[in-house]
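Below are the chains, spelled out letter by letter.
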Amino acid sequence: MKYCRFMFEGKTHYGALEERGGELWIVDLAAAPEEDMAFRLEHGRATSWSFDFEPLPLSAAELLPPATPSKIVCVGRNYREHARELGNEEPVEPLIFFKPPSSLLAPGGAVRLPKLSERVDFEGELAMVIGRRARKLKSDANWRETVRGFTLANDISARDLQKKDLQWTRAKGFDTFCPLGPVVSDELVLEAGVALETRLNGELRQHGSTADFIFPIPALLSFITAAFTLEPGDLVLTGTPAGVGPLKPGDRVEVSAAGLGVLVNTVECDPD
Ligand code: ZN
């Protein structure tokens, strides 16, 4: 199952995706992803639409971030080489922090570099989309019952503020600092390791595999839900591989993984 979220006739919809001729097409307006409360609030109890939908190539759609989280939980230093490149010890337990939902940015949108920072980095990441409410999960629980699917994210980070502030809230939380998308898929086979790549202006800068996670998904979910409840639509960003680097106005940054497409964003100065 693959889906996106997009604007259609002035309203937000989820779109069911199908591959046709090597390209993804939106073939139907999807029923709400199960238990996505924000979606239900928006559309009442409807689970299907009564009018015919003409298929549309994904590339022609006005895409939105494909989740509406109540919170975005991020994992720092979950790849050994990235921990080392910033001069940090390998953690003995997951290091987690939040990004606010107001930081979400649609595929194709522009990351705005704030005047408050002189060094803003890209961090390509694999993101989990939560499908059902979860609290106090055991590490041997079947995590696939909790995770609706995967998508791509870019954990944009004001590195200078991250060092200066005791908390990372500002450094990680500016508007546009969480590009997300373009699609959600439940078809990834993580057991074999999923290759995650980040390109800056076409040049490969990050190349990692989920097989290199310090903390695998069950350990992350157990650690996180021991502290607080994850709700449907919430996101867990699973950390970034080595190779992070700074962005400048005019850059184009792409995060990609097989089966999830490419999350493309541009970069500009925040005019305010
Ligand atoms: Zn990160």
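### Observations concerning the coordination of the zinc ion
Around a metal, the perfect tetrahedron of four donors has angles of 109.5 degrees, and the perfect octahedron of six donors has angles of 90 or 180 degrees. Note on the zinc ion: its protein donors are Glu123 (OE), Glu125 (OE) and Asp155 (OD). The metal-donor distances range over 1.9 to 2.1 Å. Look at where the donors of the zinc ion fall in the sequence and you get E-x1-E-x29-D. With Glu123 in the loop between β10 (120-122) and β11 (124-130) and Asp155 in the loop between β12 (147-154) and β13 (157-158), this pair connects stretches of sequence that are 32 residues apart. Assessed through its relative accessible area of 4%, Glu123 is described here as buried. Its relative accessible area of 1% is what places Asp155 among the buried residues.

### Examining the domain arrangement of the protein
Splitting the protein by domain gives domain 1 (2-64) and domain 2 (72-269). Taken together, the contact pairs 13 residues of domain 1 with 16 residues of domain 2. At the boundary of domain 1 with domain 2, total buried surface from both sides reaches about 1100 Å², with 55% on carbon and sulfur atoms. Applying the counting rule to domain 1 against domain 2 returns zero salt bridges. Joining domain 1 to domain 2, the criterion identifies three residue pairs in polar contact (both at pLDDT 80 or more). Those elements giving two or more residues to the side of domain 1 that touches domain 2 turn out to be β1 (2-8) and β5 (62-64). For the side of domain 1 that touches domain 2, the element with the most residues is β1, which contributes three residues.

### Looking at the sheet that holds strand β18 (residues 245-246)
Taking strand neighbours across the sheet as the criterion, the three strands line up as β13-β10-β18 in an open arrangement whose pairing is antiparallel. Two strands in the sheet have a free side with no partner beyond their single neighbour: β13 and β18. Bridge count between β10 and β18: two bridges; the pairing is antiparallel. Of the residues in β18, the one forming a bridge with Asp121 is Pro246.

### Regarding the side chain of Asp121
Mapped onto the secondary structure, Asp121 falls in strand β10. One polar contact links Asp121 to Arg119, side chain to side chain, over a distance of 2.6 Å. Asp121 has contacts with Asp155, Ile156, Ser157, Arg159, Val244, Gly245, Pro246 and Leu247, leaving out every residue within four places of it along the chain.

### Structural notes on the pairing of strand β6 (residues 72-76)
Regular strands place side chains that alternate from one sheet face to the opposite one. Burial of β6 is extensive: five of the five residues sit out of reach of the surface. Here five bridges tie β6 to strand β7 (residues 95-99), and the two strands are oriented antiparallel to one another. Opposite Gly76, over in β7, you have Leu95 as the bridge partner. Two elements, β6 and strand β17 (residues 235-237), share three bridges in a ladder whose sense is parallel. Bridge pairing in β17 places Ile72 opposite Leu235.

### A short note on the nonpolar core
Across soluble globular proteins, you tend to see nonpolar side chains buried next to one another. Membership of the largest hydrophobic core comes to 28 residues, with the highest contact counts inside it found for Met128, Phe150, Leu190, Ile217, Leu221, Leu230 and Val236. Breaking this core down by element, the ones donating at least two residues are β6, β11, β12, α5 (217-225) and β19 (252-257). Looking at which element gives the most residues to this core, the answer is α5, with four residues. Apart from residues lying up to four places away in sequence, Leu190 is in contact with Leu126, Trp143, Arg144, Phe150, Thr210 and Ile217.

Parameters at a glance
- Residues numbered from 1 in each chain as written.
- Predicted model: local features only at pLDDT ≥ 70, side-chain atom pairs only at ≥ 80, totals over all residues.
- Heavy atoms only, no water.
- Donors = N, O, S within 2.8 Å, 3.2 Å for Na, K, Ca; no water.
- Helix = DSSP H or I, 4+ residues; strand = E, 2+ residues; numbered from the N terminus.
- Buried < 20%, exposed > 50% of the residue type's maximum accessible area, 1.4 Å probe, protein only.
- Domains from an automatic or database assignment.
- Contact = heavy atoms within 4.5 Å.
- Buried area = accessible area lost by both parts, 1.4 Å probe.
- Salt bridge = Lys/Arg side-chain N within 4 Å of Asp/Glu carboxyl O.
- Polar contact = N/O pair within 3.5 Å; in protein donor to acceptor, adjacent residues only side chain to side chain.
- Pairing = 2+ DSSP bridges.
- Core = buried A, V, L, I, M, F, W, Y, C linked by side-chain atoms within 4.5 Å.

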